[in-house]
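Listed here are the chains, written in short residue letters.
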Amino acid sequence: MYVAVKGGERAIDNAHKLLADARRGDRDVPEVSLDQIDNQLALAVDRVMSEGSLYDRELASLAIKQARGDLIEAIFLLRAYRTTLPRFGASEPLDTGAMDIRRRVSATFKDLPGGQVLGPTFDYTHRLLDHTLAEQSDVEEPATAPAEAGRFKSVAELLAGGGLIEDDDPPAGDVGDLTREPLSFPAKRDLRLQNLARGDEGFLLALGYSTQRGFGRTHPFAGEIRYGEVEVEFFAEDAGFAVPLGSIAVTECQMVNQFTGSANRAPCFTRGYGLVFGQSERKAMAMALVDRALRARELGEETGAPAQDEEFVLSHSDNVQATGFVEHLKLPHYVDFQSELGLLRKLQAEFHARDAHTETPIQDAAE
Amino acid sequence: MSAPVYNFAYLDEQTKRMIRRAILKAIAIPGYQVPFASREMPMPYGWGTGGVQITASILGPDDKLKVIDQGSDDTTNAVSIRKFFVKTAGVETTTKTNEATVIQTRHRIPEQALTEDQVLVYQVPIPEPLRFLEPRETETRRMHALSEYGLMHVKLYEDIARHGHIATTYAYPVEVGGRYVMDPSPIPKFDNPKLSDSPALQLFGAGREKRIYAIPPYTHVKSLDFEDHPFEPYRHDAQCELCGAMNSYLDEVITDDAGSRMFVCSDTDFCEDRRAAGHHGPQGGPAAAATKEESAHG
Amino acid sequence: MLDITANTPEFDPAYASQAAFRALMECMARPGQIRSLKGVDAPAPFAPATAALIKSLADYETPLWLDPAFAAAPQAAEWIRFHTGAPLVGDPAAAAFALIGNARALPGFAQFAQGTSEYPDRSTTLIVQIEAFSGDAITLKGPGIKTAQRLAATPLPADFAARMKDNRALFPRGIDLVFVAGTDIAALPRSVMIEER
């Protein structure tokens, strides 16, 4: 005898207990601390803060721990928390020129004021598994030099001084916020950049890569990539001036791209821009490539490549949305499936009836 | 890190105001998809975040909430959403269709006719009925503006040419109040007739796609069709094994490895009511009223 | 993790807002039906229901336009600023909500935002304070109405029915109206049709 399945609530509770157990794993292994995640998986924390749109290392570390290292899940946790926070307003634009630089490379000039600073990078490591890391190891203190004081203009700023690159004036009026207003198309560059900054690293990487392979080529040069601490300021209405809130680590990439120009405008280089929390050159560079590709129409270039397609890129860049919708397919769909089954059976029956009709018309007539 | 304190029904008041304004516009323009600044909810996109945001924005302390998925109160996602509101709003919940003031649903309309005192909130994955014919929002928005729905008719007619029938069996497009073509969410087309002239207000929320739309009460909703191929609601050639209903939407259950199958009502409350009223199907004798616990291994 | 103990119906503003909104939602869904809500005290010329609706719907994202009757009362504007933070605008076409204190002098609808054919929702909602839901009735049909609904409102301009017909002719563009008398409200969404007599 058939009885209806019940007990969904108990199953969910038990599933949560199993998840907690799996998260903790072998109880003989020490539990990972938020400090350990923050310090030793710092780039994961950076990514979660960036795509989670919330600069808080402790919460990002917690999210990573809670998500068992699933970074998209961690990003989701941080986003869901972020929406509940009260808003006081928007900060003043960051002055990345005044960055306390930890790393800075330019691919366009051999040397420039402030110099090239290699900093902490995987770039020239030989990708050989380092078995000494399998054990606890003593790490020697790195050599350091005092930071050069002062403000170092970016390569784009230096080029702009000579009129060699397009101007990059801030937009007139308020900057948009796609978390407060639904995105509509065509979207202005401020909203596009916000979307890309929150966008999935892998998705942007693939799109940026596709532009290099000819699907919307932009002839990019890495004008400059810099990573370090910048101060965040907030204009306080009651004080009447901008007050510093603290500093955050960011990676900025300014791509210098092939020139544009017209009968009434001298040719000059164009820009692509990337900015992310923490250290993520891959994401900042991919973002700059895609930003530039999305400007194709504005710059009068041929369009049609995926990375140039604003609606395609901006509608699919968000991994929290994407993972939700892809994974929702595991929710029950049996009501709709039943509807499809019903139609399919009917179509098959009609098909076979037609078949039968052609072969044995007499029998069929009796149906 | 202190534990966060959330507002009544989770959403902050500013967000609720924004959603409420969108709901009012949606009601005033039946079938039109109002863009809204959908928030990130503590459940995944695609799992009912649009419906949850609407429910959270309309729900009050005197409401009685029912949540169903596939017609059933006990499917895991329905359980999860119901729990969310119990936790964040402390509202009373029910599985009885006739007791509920707000019903949030995924993929079904209850069998029992709704009343003027009820609001039905649908979870919507893709609100744009033209999306699968034209992926660009800029294009579909223009088509709605001009009431240019030829593409949809072409698609349905191509089905007829190929299969002899319109091959859309769920999320079957409708025209609301003689103006907008609308996606009724992935309900089976069996439920389409219930959309029209319902005494209840029907609200649709798509969180990921950031759209809210509505069918006011007593609004004519027409399933798209052709004179020579009128809309046919889906019919089962079976009855519910438990309650014997001949006119309800049925779930198919596979009962053994040989593919034997049987049918039971998808609307569990409807089925239970019928059995309580003494109706029974081939396997639904009085002794069958007991239920079994789902495997508790999660 | 979740704490809802701070939310009790006695003092949580969330409940008052919800109740006012729910009444308006029902009115919008059932054009011409009158519902009462718990009013909010506010300076003249605010009717208690208008103040309740404004508190539950307006904030810094919704520009408000005040008709001369409201604009003549600086304490009303001050109340709006304090309770909602909504910006007051001089251009009715820039307003999300317009407050009409003098229904007799109801401004022409074309002055307000009527939406675009692609975004008909980008329109103004007029909150019109009347003296009473009485007087000559108009007959309404359309979405939300089972057969026909009668609505009487006093005072209104003589050509009100004609204006509503013009508004309907713009559909899906147009403006939506909310009538307020004391603590009673009724709504006329743009979808409503005025029956010929």
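This is a predicted model, so every value here is computed, not measured.

## Structural notes on the overall build of chain C
Next up, step 1: If you tally the helices and strands in chain C, you get 5 helices and 9 strands.
Next up, step 2: Walking chain C from its N terminus toward its C terminus, one meets helices and strands in the order α-β-α-β-α-α-β-β-β-β-α-β-β-β.
Next up, step 3: Its C-alpha atoms give chain C a radius of gyration of 17 Å, within 12% of the compact-globule value 16 Å for 197 residues.
Next up, step 4: Reported as C-alpha extents along the three principal axes, the dimensions of chain C are approximately 55 × 35 × 35 Å.
Next up, step 5: A total of 197 residues make up chain C; the buried ones form 55% of that total.
Next up, step 6: Considering only contacts in chain C between residues 6 or more positions apart, those separated by 24 or more positions represent 68%.
Next up, step 7: Carbon together with sulfur atoms contributes 55% to the accessible area of chain C, which is approximately 8,000 Å² in total.
Next up, step 8: Once the 17 positive and 20 negative side-chain charges of chain C are each reduced to a mean point, those two points are 7 Å apart.

## Focus on the interface of chain A and chain B
Next up, step 1: Contact residues are listed per partner, giving 57 residues for chain A and 74 residues for chain B.
Next up, step 2: Buried surface at the junction of chain A and chain B, both sides included, amounts to about 5,800 Å², of which 59% is carbon and sulfur.
Next up, step 3: In this assembly, chain A and chain B are joined by 6 salt bridges.
Next up, step 4: Taking the shortest distance from any N to any O, the salt bridge between Asp 13 of chain A and Lys 83 of chain B comes out at 2.6 Å.
Next up, step 5: Across the chain A-chain B interface, the total number found is 25 residue pairs in polar contact (both at pLDDT 80 or more).
Next up, step 6: Top contributing element to the side of chain A that touches chain B by residue count: helix 12 (residues 334-359) of chain A, with 13 residues.
Next up, step 7: For the side of chain A that touches chain B, a count of residues per class yields 26 nonpolar, 13 polar and 18 charged.

## Structural notes on the pattern of salt bridges
Next up, step 1: A full pass over the atoms with the stated rule returns 63 salt bridges over all chains.
Next up, step 2: The partner of Glu 40 of chain B in a salt bridge is Arg 79 of chain A, with the nearest N and O atoms 2.5 Å apart. In this pair, Glu 40 of chain B is assigned in the loop between strand 1 (34-35) and helix 2 (49-58) and Arg 79 of chain A in helix 5 (residues 71-82), connecting two distinct chains.
Next up, step 3: Residue classification places Glu 40 of chain B among the buried residues on the basis of a relative accessible area of 5%.
Next up, step 4: Among the ionic pairs, Arg 163 of chain C bridges to Asp 159 of chain C, the shortest N-O distance being 3.2 Å.
Next up, step 5: Relative accessible area serves as the criterion here: at 17%, Arg 163 of chain C is assigned to the buried category.
Next up, step 6: By relative accessible area, which is 38% here, Asp 159 of chain C ends up partly exposed.

## Notes on the nonpolar core
Next up, step 1: Ile 23, Ile 58 and Leu 203 of chain B together with Met 25 of chain C are the most contacted members of the largest nonpolar core, which totals 92 residues.
Next up, step 2: Tallying contributions element by element places helix 1 (residues 13-29) of chain C first for this core, with 10 residues.
Next up, step 3: Listed in part, the 27 residues of the second largest apolar core include Leu 106, Phe 133, Phe 160 and Ile 175 of chain C.

## Here we look at the sheet that holds strand 2 (residues 64-69) of chain B
All names here are of chain B.
Next up, step 1: The sheet built from 7 strands is open, its strands ordered 1-9-8-5-4-2-3 with mixed pairing. Of all strands in the sheet, those bounded by a partner on one side alone are strand 1 and strand 3 (92-93).
Next up, step 2: Judged from the 2 bridges that link them, strand 1 and strand 9 (residues 211-215) form a sheet pairing that is antiparallel. Among the inter-strand pairings, Pro 35 is bridged to a residue of strand 9, identified as Arg 211.

Rules of the game
- Residues numbered from 1 in each chain as written.
- Chains lettered and ligands numbered in written order.
- Predicted model: local features only at pLDDT ≥ 70, side-chain atom pairs only at ≥ 80, totals over all residues.
- Heavy atoms only, no water.
- Helix = DSSP H or I, 4+ residues; strand = E, 2+ residues; numbered from the N terminus.
- Rg over C-alpha atoms; globule rule 2.2 N^0.38 Å.
- Buried < 20%, exposed > 50% of the residue type's maximum accessible area, 1.4 Å probe, protein only.
- Contact = heavy atoms within 4.5 Å.
- Areas by Shrake-Rupley, 256 points an atom, 1.4 Å probe, with all protein chains shown as cover.
- Lys, Arg positive; Asp, Glu negative; His and termini not counted.
- Charge placed at Lys NZ, Arg CZ, Asp CG, Glu CD.
- Buried area = accessible area lost by both parts, 1.4 Å probe.
- Salt bridge = Lys/Arg side-chain N within 4 Å of Asp/Glu carboxyl O.
- Polar contact = N/O pair within 3.5 Å; in protein donor to acceptor, adjacent residues only side chain to side chain.
- Nonpolar A, V, L, I, M, F, W, Y, C, P; charged D, E, K, R; others polar.
- Core = buried A, V, L, I, M, F, W, Y, C linked by side-chain atoms within 4.5 Å.
- Pairing = 2+ DSSP bridges.

Distances and angles like these do not, on their own, reveal function.
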